[in-house]
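Listed here are the chains, written in short residue letters.
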Amino acid sequence: MQNSGINVIFNNIGILLDGLGNTLLIAVTSLFISFFTGFGFGLLRMSKNRIVKLLTYIYLEAFRIIPIMVWLFSFFFFIPRTLGIDISGEVAAIVVFTMWGTAEMGDIVRGALESLSKGQIESGLSIGLSKLQLFLYIQFPQAIKRIVPGAISLGTRMIKTTSLVVLIGVIDVIARGKQVIERTKEAFWIYGFLFLLFFLMCYPLSIMARKLERKWES
Amino acid sequence: MDWSYLGRELPRYIEAGLVTLKIGFWGILAALITGLVCCFVLYYKIFILQKIVKVYVELSRNTPLLIQVFFLYFGLPQVGIKLSGTACAIIGLGFLGGSYMAEAFRGGLEAVGNSQIESGLSIGLDKRQMMQYVILPQAISISMPQVSANFIFLLKETSILSAIAIPELLNVTQSLIGLYYKTNESLLLLTVSYLIIILPLSIVLGYIERRLRHAEFGN
Amino acid sequence: MNNEEIVLEIKDLYKGFGERNVLNGLDFTLHKGEVVVIIGPSGCGKSTLLRCINGLEKIDGGDVILEGSSIYDKNIKMRQVRQKVGIVFQSYDLFSHMTVMENILLGPLKVQKRDKQEVSELARELLKKVGLSDRENDYPRQLSGGQKQRIAIVRSLCMNPDIVLFDEVTAALDPEMVREVLDVILDLAKQGLTMIIVTHEMHFARAVSDRILFMDHGKIVEEGEPEDLFGNPKTERAKQFLNKFDY
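Okay, so let's go over this structure. (Residues numbered from 1 in each chain as written. Chains lettered and ligands numbered in written order. Predicted model: local features only at pLDDT ≥ 70, side-chain atom pairs only at ≥ 80, totals over all residues. Heavy atoms only, no water.)

What about the overall build of chain B?
Looking only at helices and strands, chain B features eight helices and zero strands. For chain B, the α and β elements follow one another from N to C terminus as α-α-α-α-α-α-α-α. Expressed as a percentage of its 219 residues, the buried residues of chain B come to 51%. Taking all contacts inside chain B whose residues are at least 6 apart in sequence as the whole, residues at least 24 apart take part in 79%. Surface exposure of chain B reaches about 9900 Å², of which carbon and sulfur atoms provide 68%. (Helix = DSSP H or I, 4+ residues; strand = E, 2+ residues; numbered from the N terminus. Buried < 20%, exposed > 50% of the residue type's maximum accessible area, 1.4 Å probe, protein only. Contact = heavy atoms within 4.5 Å. Areas by Shrake-Rupley, 256 points an atom, 1.4 Å probe, with all protein chains shown as cover.)

Thoughts on a nonpolar patch on the surface
Residue and element names in this part refer to chain B. A cluster of nonpolar residues, Met1, Trp3, Leu188, Val192, Leu195, Ile196 and Leu199, forms a patch on the protein surface that exposes about 680 Å² of accessible area. It is helix α8 (residues 183-212) that contributes the most residues to the nonpolar patch, five residues altogether. Looking at the element boundaries, Met1 is found in the segment before α1 (3-43). (Patch = residues over 30% accessible without salt bridge, like charges linked within 9 Å, V, L, I, M, F, W, Y side chains within 5 Å. Salt bridge = Lys/Arg side-chain N within 4 Å of Asp/Glu carboxyl O.)

Some points on the interface of chain B and chain C
Opposite the 21 residues of chain B that make contact, chain C presents 24 residues. Overall, the association of chain B and chain C removes approximately 2100 Å² of surface from exposure, summing both partners, and the carbon and sulfur fraction of that is 55%. There are two salt bridges connecting chain B and chain C. Summed over the shared surface of chain B and chain C, the number is 13 residue pairs in polar contact (both at pLDDT 80 or more). Elements with a minimum of two residues in the side of chain B that touches chain C: α5 (114-122) and α6 (127-157) of chain B. The element contributing the most residues to the side of chain B that touches chain C is α5(B), with seven residues. (Buried area = accessible area lost by both parts, 1.4 Å probe. Polar contact = N/O pair within 3.5 Å; in protein donor to acceptor, adjacent residues only side chain to side chain.)

Some points on the nonpolar core
Counting 110 residues, the largest nonpolar core has Ile174(A) and Leu194(A) as the members making the most contacts within it. Discounting residues that sit within four places of it in the chain, Ile174(A) has contacts with Ser163(A), Val166(A), Leu194(A), Phe198(A), Leu66(B), Ile67(B) and Phe70(B). Ranked by size, the runner-up nonpolar core spans 49 residues in total, among them Ala123(C), Leu132(C), Ala152(C) and Ile212(C). (Core = buried A, V, L, I, M, F, W, Y, C linked by side-chain atoms within 4.5 Å.)

Observations regarding the environment of Phe71(B)
Take Phe71(B): it is sitting in helix α3 (residues 65-75). In the structure, Phe71(B) is positioned 86 residues away from Glu157(B) in sequence and 16 Å away in space, judged by C-alpha atoms. Apart from the residues within four sequence positions on either side, Phe71(B) is in contact with Phe188(A), Tyr191(A), Gly192(A) and Leu76(B).

A look at the packing of aromatic side chains
Residue and element names in this part refer to chain A. Inspection of the entire model under this criterion finds 27 aromatic pairs over all chains. Aromatic pair Phe39 and Phe140: ring centres 5.7 Å apart, planes at 45°, arrangement tilted. Of the two residues, Phe39 sits in helix α2 (residues 13-45) while Phe140 sits in helix α7 (residues 131-162), which places them 101 residues apart along the sequence. Owing to a relative accessible area of 30%, Phe140 belongs among the partly exposed residues under this scheme. (Phe/Tyr/Trp six-rings, centres within 6.5 Å; stacked < 30°, edge-to-face > 60°.)

Re a positive patch on the surface
Judged by side-chain charge, Lys48(A), Arg50(A), Lys53(A) and Lys131(A) come together as a positively charged surface patch. On the secondary structure map, Lys48(A) appears in the loop between α2 and α3 (50-65). (Lys, Arg positive; Asp, Glu negative; His and termini not counted. Charge placed at Lys NZ, Arg CZ, Asp CG, Glu CD.)

Thoughts on the interface of chain B and chain A
Each partner contributes residues to the interface: chain B has 37 residues there, and chain A has 35 residues. Roughly 3200 Å² of surface becomes buried between chain B and chain A when both sides are summed, with 74% attributable to carbon and sulfur atoms. A per-residue breakdown of the area chain B buries against chain A is headed by Asn62(B), Ile67(B) and Gln78(B), which together make up 19% of the total. Our count for the contact surface shared by chain B and chain A stands at one salt bridge. Taking the shortest distance from any N to any O, the salt bridge between Arg210(A) and Glu58(B) comes out at 2.9 Å. Taken together, the links from chain B to chain A amount to nine residue pairs in polar contact (both at pLDDT 80 or more). Only α2 (47-61), α3, α4 (85-111), α6, α7 (169-180) and α8 of chain B provide two or more residues apiece to the side of chain B that touches chain A. Broken down by element, the side of chain B that touches chain A gets its largest block of residues, nine residues, from α8(B). Across the side of chain B that touches chain A, the residue classes break down as 23 nonpolar, eleven polar and three charged. (Nonpolar A, V, L, I, M, F, W, Y, C, P; charged D, E, K, R; others polar.)

Treat this as a map of the structure, not an account of what it does.
Okay, structure coming up:
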C-alpha cells in the first residue's frame with residue numbers, strides 16, 4: 001500500500017514540487033517583464049497619435065479575442081518552422097505570457113491613469129510642474145494605488161494560466177503529476193492535490209488584491 | 001501557403017467551430033444558472049448555503065480550468081464516477097464560470113442604491129414587486145458588461161478542453177498538424193475561426209449593453 | 001384650534017440608533033387638511049420622525065396611529081400604510097430605469113391595481129400642473145434636479161395619499177430650482193392636501209404652514225401658528241435657532 005490512496009502525494013512530493021519550480025519560473029518571469037513593458041504599453045495607449053492608438057488597440061484586442069491556449073500553441077509550432085529556430089516550450093510560454101501580460105498590464109495602467117481627476121492634473125500644472133514632474137509627483141503616486149491590486153490579480157490569472165504549458169510539453173507541476181499517475185494510477189489524489197496546490201498559490205494573492213483595493217479605494 | 005489545403009479542410013473547421021459553440025453554449029448556460037443560484041443565496045444570506053457558496057466561489061476562481069476538467073475526466077473515474085468528455089467539459093465550464101457570473105450578478109444587485117429601494121417601499125411595493133420592477137431591471141443592466149465579458153472569457157476557455165479530447169477547434173488543429181504537417185495553414189484557419197466566432201459576439205453584446213444602459217445614473 | 005377629524009396621532013415616540021436617542025418621547029396630532037411644518041437644527045430627529053411615520057424605520061417605543069389604528073399593529077400591512085402616506089425624499093429618487101410616466105404609474109397600477117386610463121389621465125393632469133407635460137417620456141437622467149423633484153411629488157400624489165410627507169425636498173437642489181418646487185407645494189397646500197413638511201426654508205415655512213413645530217433633541221420644544229412662533233418665540237432654544245436665519 002506504499003503508493004496508493006492519499007500516501008501517493010507524500011511519497012512523491014519531491015517530484016511534484018520539482019515541477020512547480022518550472023511553473024513558477026514561467027509565471028514570475030513573465031509577470032516581472034510585463035510589469036515594465038506594460039507600463040510602456042499603457043503610456044502608448046494614451047497617446048493622441050491615431051495610428052499608435054489603433055495599433056495598440058488591435059494588439060490588446062488580439063489577446064482579448066484569441067485564447068492564450070491558441071497563442072501558446074501557435075508560437076510553439078509557428079516560430080520554429082517559420083524562423084528556423086528551435087525554441088523550448090518554456091521560452092515559448094514566457095514569450096506568450098509576456099506579450100499577453102504587457103497587453104493586460106497596459107490596460108490596467110491606462111485605466112488607472114485615466115481615472116485620475118482632471119482637477120489633480122490642472123492643479124499640478126498650475127503650480128508650474130513640468131509634464132515629467134507632473135507624472136512623477138502627482139499622477140504616478142495616485143495611479144499606483146489602482147495599479148498594484150490589478151497587477152496582483154493579473155498575477156493570479158497568470159499562475160492559473162501557466163497550467164496550460166503542460167500542453168506544449170513543458171515539464172511543469174502537472175506534467176510531473178501525470179508521470180506519477182502513470183506509475184501509480186492515483187489520478188484522483190494527484191489531481192486533487194494539484195487543485196489544492198493551485199488554490200494555495202492563488203488564494204492568498206486574491207485576498208491581498210481585494211484587501212489593497214478596499215484599503216485604497218477612497 | 002497551400003490554398004487548396006485551406007479549402008479542403010474548411011468543412012472540418014466549421015464542424016469544430018460548431019462543437020466549440022455548442023460546448024460554449026451549454027457551459028455558459030450552466031455557468032449562468034450556477035451564478036444565479038449562488039447570487040441569490042448570497043443576496044438573501046441563506047445561512048449554511050451562504051458559507052458553502054463562498055467556499056465554492058473561492059475554489060472556482062483560484063484554480064485553473066485545466067485542473068478542474070482533469071480532475072473530472074481522469075480523477076473521478078478512479079472513485080467510480082465516469083463522465084463523458086462532453087459532460088466533463090460542460091460541468092467544468094459551469095463550475096468555473098458560475099463563480100464569475102455570481103460575482104457579476106452580485107455586483108449588480110449591490111449597486112442598486114438603498115434610496116431606490118426606499119422609494120419602492122414608499123409607494124407600497126411588496127418584496128416580489130420590488131425585485132421585479134425595481135431591483136432586477138437595474139441590477140441586470142449594471143451587471144451586463146461583466147456578464148458579457150464572462151461570456152467571451154468562457155467561450156475562449158473552451159480551447160482548453162482540447163486536452164480532454166473534445167473535438168473543438170484547437171483539438172482538430174492539433175490532429176491536422178499531426179496528420180499533414182501543414183502548420184501555418186492550420187494555425188491560420190484556427191485563428192480566423194476564433195475571430196469569426198468572438199468578434200460578432202462581442203459586437204452584439206456591446207450593442208445589448210448600450211441598449212440597457214439607460215438604467216445607469218447620470219449619463 | 002381645529003375641528004377637523006384627526007388623521008394622524010403620534011404618541012410618546014422613541015427611536016434610537018445604537019447609543020443615541022434620536023426621538024425622545026414625541027407627541028403630536030395632525031388634522032385633516034392641515035399643513036404642519038417641522039423646523040429645528042440638523043440632527044434633531046425631523047427626518048427620522050417622517051421615516052417612522054412611513055414605516056421606513058422600526059420604532060423603539062410609543063405608537064403611530066393612522067386614521068384610528070396603529071401602523072405597527074400586526075394586522076395592518078405596512079404596504080397599505082404606505083399607500084395612504086406618501087413621502088418625497090430629499091434626494092429625488094425616481095427609478096432610474098423608467099421613464100417619467102412609468103415612474104408615476106408603477107405604484108397605482110401594480111400596487112393599487114387601478115385602471116390605467118384613469119391613472120394616466122390623473123398623471124397628465126398633475127404633470128400639467130407642475131409644468132412638465134412635455135416630459136412624460138423622458139428618463140430621470142434627462143431632467144434637472146428641480147424637475148425630478150416635481151415628478152417625485154406627482155408620483156406620490158398619484159397614489160391618492162391621505163397625507164404627504166416632504167423630507168427637506170429642496171435641500172439638495174440648486175438655489176434657482178428651489179422656487180419651482182416650493183411653488184408646487186404651496187399650490188397643494190391651497191388645495192387642502194394634508195402635509196407634514198420638514199424644511200430649512202423659513203420664508204416658505206411661514207407661508208405654507210397652518211402650524212409650526214420646533215424640534216430639538218428628539219422632542220417638540222415649541223409649537224404654534226407661524227406668526228406667533230416666528231414673531232414671538234417663547235422658548236430660548238427656538239429663539240436662538242431662529243436668530244440664525246435671516247427672514
